[in-house]
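# What the coordinates show
Spelled out, the chains give:
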Amino acid sequence: MSQKATDNPNMRLARYGAVFLGLAVAFVLLTVWNINSGSVKIPVGDIARILLTRTGDETQVGIIWKLRLPRIIAAAVLGGGLALSGFLMQTFFGNPIAGPFVLGISSGSKLFVALVMIVALQYVSFVSSWMMVIAAFAGALIAMGFVLLAARSIKQMSMLLVAGIMISYICSAITEFLITFAKDSDIVNLHSWSQGSFSGTKWDDVKVFTFIILACFVAVFCMSKPIGAYQMGEAYAQSMGVNVKRFRVVLILMSSLIAGCVTAFAGPISFVGIAVPHLIKMLMKTAKPIVVIPASFLGGGVFCLLCDYIARTAFAPVELTISTVTALFGAPVVIGMLIRRHGGRA
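Criteria and cut-off values
- Residues numbered from 1 in each chain as written.
- Predicted model: local features only at pLDDT ≥ 70, side-chain atom pairs only at ≥ 80, totals over all residues.
- Heavy atoms only, no water.
- Helix = DSSP H or I, 4+ residues; strand = E, 2+ residues; numbered from the N terminus.
- Rg over C-alpha atoms; globule rule 2.2 N^0.38 Å.
- Buried < 20%, exposed > 50% of the residue type's maximum accessible area, 1.4 Å probe, protein only.
- Contact = heavy atoms within 4.5 Å.
- Areas by Shrake-Rupley, 256 points an atom, 1.4 Å probe, with all protein chains shown as cover.
- Axes fitted to C-alpha atoms, helices over the stretch in contact; angles between N-to-C directions.
- Parallel < 35°, antiparallel > 145°, perpendicular 65-115°, else oblique.
- Left-handed = near helix turned anticlockwise from the far one by under 90°.
- Lys, Arg positive; Asp, Glu negative; His and termini not counted.
- Salt bridge = Lys/Arg side-chain N within 4 Å of Asp/Glu carboxyl O.
- Core = buried A, V, L, I, M, F, W, Y, C linked by side-chain atoms within 4.5 Å.
- Patch = residues over 30% accessible without salt bridge, like charges linked within 9 Å, V, L, I, M, F, W, Y side chains within 5 Å.
- Phe/Tyr/Trp six-rings, centres within 6.5 Å; stacked < 30°, edge-to-face > 60°.
- Nonpolar A, V, L, I, M, F, W, Y, C, P; charged D, E, K, R; others polar.

Regarding its fold elements, the protein presents 15 helices and 0 strands. Its C-alpha radius of gyration of 21 Å places the protein within 12% of the 20 Å reference for a compact globule of 346 residues. Along the longest, intermediate and shortest principal axes, the C-alpha atoms of the protein span 60 × 50 × 35 Å. For the protein, buried positions account for 50% of its 346 residues. Contacts in the protein between residues far apart in sequence, at least 24 positions, make up 76% of those at least 6 positions apart. Looking at the protein as shown, the accessible area adds up to about 16900 Å², and 69% of this sits on carbon and sulfur atoms.

Given below as structure tokens:
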């Protein structure tokens, strides 16, 4: 009887709706919570008026529109992008433990962005957002290339993860080496960025990463049907008319572009790409891309909004790096996944 209830389409739709509704409510509450948190408390009524009309106390308007709102959008959009990138990598490797941070993709992006910033700042006073995105994308592709080379000779996913972690350590070590040769005036910003943070986001940055991430989201959502076929195996995907080789290339490019974009603007952020898609699949009790993709994107935004709030307020006025908080919540999820997979084999 329980099996029939589980397979009931109405029950499935109700469960999907409940998850989306819960995520949407959490997103709205966390947005208001983040806008109102900080050294200056702003009443909810004033927040609504300032958001809608941009009128009111000049200090409050400046705090919301110049500081808090861009940061909130960064946490929501980039957090959703991280979850989406993680979902694509998990689909590509056929393993729920794959993710941009664990496989060293984020560290590759971090290395190239740091290199461009340090070299470019020697000759110019400004590095454009598009330069950072291109550098991060190149770094992500190169890191992904090393992971794919390792995947050819390493059949066990656990060993592939170890190889990805080693790539991450190497890229991080080179990045720290480069930072030591940066100008003193740039070291603070570079070091803060290299640890992961949504602070300092500007509206020009918001326009760039929102365009890239949302365009990728739409493209990935339109690929829901071939992704679902690919999850059933390459042979099944081919029988459904999917060009597997081309499809795998698209997965690599999309996941690398998203991960690179996030790293370019917020630095490397850990465990979001692994934990969020897994939690969404567990809540929805399905891996169907057509529902998991939008839910993971929304869930990634909610997760990062919560973690960013904790990072800003837990030990105020001292601010934690965002990766410190995401690791605190995301690492236990990954450990639980590993235990379940090991228990399943046993």
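What follows picks up the thread again.
Between helix 13 (residues 272-284) and helix 14 (residues 289-313), whose axes approach to 9 Å, the crossing angle comes to 125°. Taken together, helix 13 and helix 14 sit at an angle that is classed as oblique. The crossing of helix 13 and helix 14 is right-handed. From helix 13, Val272, Val276, Pro277, Ile280, Lys281 and Met284 reach across to helix 14, where they touch Val291, Val292, Ala295, Ser296, Gly299, Gly300, Phe303 and Cys304.

This paragraph deals with the environment of Ile179. Among the secondary structure elements, Ile179 is positioned in helix 7 (residues 157-179). Overall, the relative accessible area of 5% leaves Ile179 in the buried class. For the pair formed by Ile179 and Pro277, sequence separation is 98 residues and the distance between their alpha carbons is 33 Å.

Another aspect to go through is the side chain of Asp205. On the secondary structure map, Asp205 appears in helix 9 (residues 203-222). Lys202 provides the closest opposite charge to the buried, unpaired Asp205, separated from it by 6.3 Å. In contact with Asp205, not counting residues within four places along its chain, are Ser129, Gly200 and Phe265.

Here the focus is the nonpolar core. In terms of nonpolar packing, the biggest core is built from 106 residues, with Leu78, Ile105 and Phe198 touching the most fellow members. The leading source of residues in this core is helix 4 (residues 58-93), at 18 residues. Those residues in contact with Ile105, other than ones at most four positions away along the chain, are Met89, Pro100, Ala140, Ala143, Met144, Val147 and Ala259.

Here we come to the pattern of salt bridges. Scanning the model with the defined rule gives 5 salt bridges in all. Across the pair Arg312 and Asp308 runs a salt bridge whose closest N-O atoms are separated by 3.9 Å. Of this pair, Arg312 and Asp308 are both found in helix 14, 4 residues apart, which corresponds to roughly one turn of the helix. Here the two residues Arg312 and Asp308 agree in accessibility, since each one is buried. Through salt bridges with shared partners, one network takes in Arg71, Asp308, Arg312 and Glu319.

Even without being glycine, Phe271 reaches a positive phi, approximately 70°. On the basis of relative accessible area, Phe271 is assigned to the buried category, the value being 19%. Phi is positive for Lys285, close to 60°, though the residue is something other than glycine. Along the polypeptide, Lys285 turns up in the loop between helix 13 and helix 14.

A surface patch of nonpolar side chains, about 470 Å² in accessible area, is lined by Met159, Val162, Ile165, Met166 and Tyr169. Secondary-structure assignment places Tyr169 in helix 7.

Residue placement: Leu320 occurs in the loop between helix 14 and helix 15 (322-345). Each C-alpha atom of the pair Leu320 and Pro70 lies 18 Å from the other, and the pair is 250 residues apart in sequence. Not counting chain neighbours up to four residues away, the residues in contact with Leu320 comprise Ala311, Phe315 and Val325.

The next point concerns the packing of aromatic side chains. Applying the stated criterion across every chain, the model contains 8 aromatic pairs. Both rings, one in Trp65 and one in Trp203, keep their centres 5.8 Å apart while their planes meet at 35°; by these two values the pair is tilted. Of the two residues, Trp65 is situated in helix 4 and Trp203 in helix 9; the sequence distance between them amounts to 138 residues. Since its relative accessible area comes to 30%, Trp203 is described here as partly exposed. Taken together, a centroid distance of 5.2 Å and an interplanar angle of 45° make the contact between Tyr230 and Phe247 tilted.

Attention now moves to the packing of helix 4 against helix 14. Relative orientation of the contacting elements helix 4 and helix 14 amounts to 135°, with a least axis distance of 7 Å. When the interaxial angle is binned, helix 4 and helix 14 end up oblique. The element helix 4 and its partner helix 14 pack so that their crossing is right-handed. Facing helix 4, whose interface residues are Arg71, Ile72, Ala75, Ala76, Val77, Gly79, Gly80, Gly81, Ala83, Leu84 and Phe87, helix 14 presents Pro289, Val292, Ile293, Ser296, Phe297, Gly300, Gly301, Cys304, Leu305, Asp308 and Arg312. By residue class, the composition of the contact of helix 4 with helix 14 is 13 nonpolar, 6 polar and 3 charged.

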